[in-house]
Amino acid sequence: MNAGDRVRVDRTGTTYEGVLLPSTTNEELVVKLDGGYNVGIDRADASVEIVDRDTYDIAAAGDAEGDSEITFDDDLPTIALISTGGTIASTVDYRTGAVTAQFDAEDVLRAVPELAGRANYRGRVVANILSENMTPTVWTDLAEAVHDEIDRGADGVVVMHGTDTMQYTAAALSFMLDSPVPIVLTGSQRSADRPSSDNVMNAVCAVEAAKADHSDVLVCMHETESDDACALHRGTRVRKNHTSRRNAFETVGANPLGRVEWETGEVAFGREVSDRGDADLDIHPDLDTDVELLKFVPGTDPARLDFADGASGIVLEGTGLGHVNTEWIDRIDELTDAGTTVVMTSQCIEGRVCDRVYDTGRDLLDAGVVEAGDTLPETAYVKLMWAIANTESVAETMRRSIAGELQERSVPWT
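Before going further, it helps to examine the overall build of the protein chain. A count of helices and strands for the protein chain gives eight helices and 24 strands. Residues classed as buried in the protein chain amount to 53% of the 414 residues present. In the protein chain, 69% of the contacts between residues at least 6 apart in sequence involve partners at least 24 apart. Accessible surface for the protein chain amounts to roughly 17300 Å². Of this, 41% is attributable to carbon and sulfur atoms.

A word on the environment of S174. Within the secondary structure, S174 sits in helix α3 (residues 166-176). With relative accessibility at 11%, the residue S174 sits in the buried group. The sequence separation of S174 and L218 amounts to 44 residues, and the corresponding C-alpha distance is 8.8 Å. Contact partners of S174, with chain neighbours within four places excluded, come to V217, G235, T236 and A403.

Mapped onto the secondary structure, L294 falls in strand β21 (residues 291-295). Since its relative accessible area comes to 8%, L294 is described here as buried. Sequence-wise, L294 and L305 are eleven residues apart; in three dimensions their C-alpha atoms are separated by 8.7 Å. Among all residues touching L294, those that are not within four sequence positions of it are R304, L305, F307, I314, V315, L316, E317 and W328.

Where helix α2 (residues 136-151) contacts α3, the axes come no closer than 10 Å and their chain directions differ by 55 degrees. Between α2 and α3, the interaxial angle falls into the category oblique. Regarding α2 and α3, the two cross each other, and that crossing is right-handed. The segment α2 lies against α3, with W139, T140, L142 and A143 engaging Y168, T169, A172, L173 and M176.

Judged by pairing direction, the sheet is antiparallel, and its five strands sit side by side in the order β4-β3-β2-β1-β5 without closing on themselves. What marks the edges here is a single partner per strand, and that holds for β4 (38-42) and β5 (47-52). With strand direction ignored, the average angle separating the axes of adjacent strands in the sheet is 45 degrees.

The subject of this paragraph is the pairing of strand β7 (residues 78-83). Burial analysis of β7 places six of its six residues in the buried class, which makes it a mostly covered element. Residues of β7 alternate between two faces, with T78, A80 and I82 on one and I79, L81 and S83 on the opposite face, all of them buried. Two elements, β7 and strand β11 (residues 156-160), share five bridges in a ladder whose sense is parallel. Looking across to β11, one finds that I82 is bridged to V159.

Reading the values: rules and limits
- Sequence order as written defines residue numbering, which begins from 1 separately in each chain.
- Given that the model is predicted, a residue must reach a pLDDT of at least 70 before its local features are reported, and side-chain atom pairs must reach 80 or more before they are shown or counted; all residues, however, enter totals for whole chains, interfaces and linings.
- To obtain the side-chain values, all non-hydrogen atoms of the structure were included, while hydrogens and water were left out.
- Only DSSP runs of H or I with at least four residues qualify as helices, and only runs of E with at least two residues qualify as strands; both kinds are numbered from the N terminus onward.
- For every residue, the accessible area (1.4 Å probe, protein chains only) is compared with the maximum for its type, and the residue is labelled buried under 20%, exposed over 50%, or partly exposed between those bounds.
- By definition, residues are in contact when any of their heavy atoms lie within 4.5 Å.
- A 1.4 Å probe and the Shrake-Rupley method give the accessible areas. Residues count as covered only by the protein chains that appear here.
- To get an axis, a line is fitted to the C-alpha atoms, and for a helix only the part in contact is used. The angle between two axes follows their N-to-C directions and goes from 0 to 180 degrees.
- Throughout this description, any angle smaller than 35 degrees is read as roughly parallel, any larger than 145 degrees as roughly antiparallel, any in the 65 to 115 degree range as roughly perpendicular, and the remainder as oblique.
- Crossing chirality is assigned from the near helix's rotation relative to the far helix, an anticlockwise turn below a right angle marking it left-handed and a clockwise turn marking it right-handed.
- What makes two strands pair is DSSP finding at least two bridges between them.

Purely spatial values, then, with no claim about function.
What follows is the structure, encoded as structure tokens:
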């Protein structure tokens, strides 16, 4: 029997049926069950029946660095699978129970054989890191890799990413790239060895979204806690709002752009998206990383702003409409006079900054603060890095929407 065969395994009175996957040892069988979960089975005393040969074309383990390519059908679109790390395509070592991240195209298809036959795949590893170790340098490397794959003819790109900082990377790609094809980020809240893993559904739905008729940067993750559909969130309006739930990601201030049905793979958009081919491929990868994000809380000493002396920019998470303690205002005025761009966002989940209502807000405007409307603080942080490095008028850029990050109106939407 070979990896890719459909097998039925009986051991100690229990029957397992599914697709045989490559194993890290000769003593263990790894079977992907029909529900999408992987199970490791000790070969000792196990009876194996081959139900169907070559159900999936699963290659042997490949190099975990560099590029790889698997072709199934010349008539299918080509999707570039780019990994930065995370759990979505992890390989489980059943001797230790550890999950190891190895992410070339062959590894992805071994972990998620349901992807086979949906597209031709090219695989590339940009990084293999936990998402909390993500840096602006990796954002630049990733943007250049995505640009290269599209320039080489990819019909869509799926970026596999750890969930904790995915919203920052999605925002970075939204500003750094003009793309004629879809760029879809996805990940997994729960690793492949867990019965409730979401890696299969998220990966399959992301590929379907990358094949669809649009050219936006999206995040594709579970729509609900059930395995019904994945939601498609704009990369500059999405936020991870739960630590562990499978539907942790939400669009803030609006409904998601669309959804992908799990059973059928159908992609439907409920809001306006950019058509495939609308933009000419271009890249603006430069970032000024001398930017800080600071949350104001009651009682914070204005001296906290001293760390921003000489910085290119700072994004403040103010209260309500965009306020800080009045004792901060003179220090902010000094920063802006010295050339630091100070951008105001709100800690509120919904709504927009308006510093023209109260005296504090008017004083902040007089001190040179730039309002960011309803741009999410995390998105504003990434956008400010990009705007300082790529635009002549940073303040004007922060006040207008570049990639759907700033909505024209903030209205009730649920």
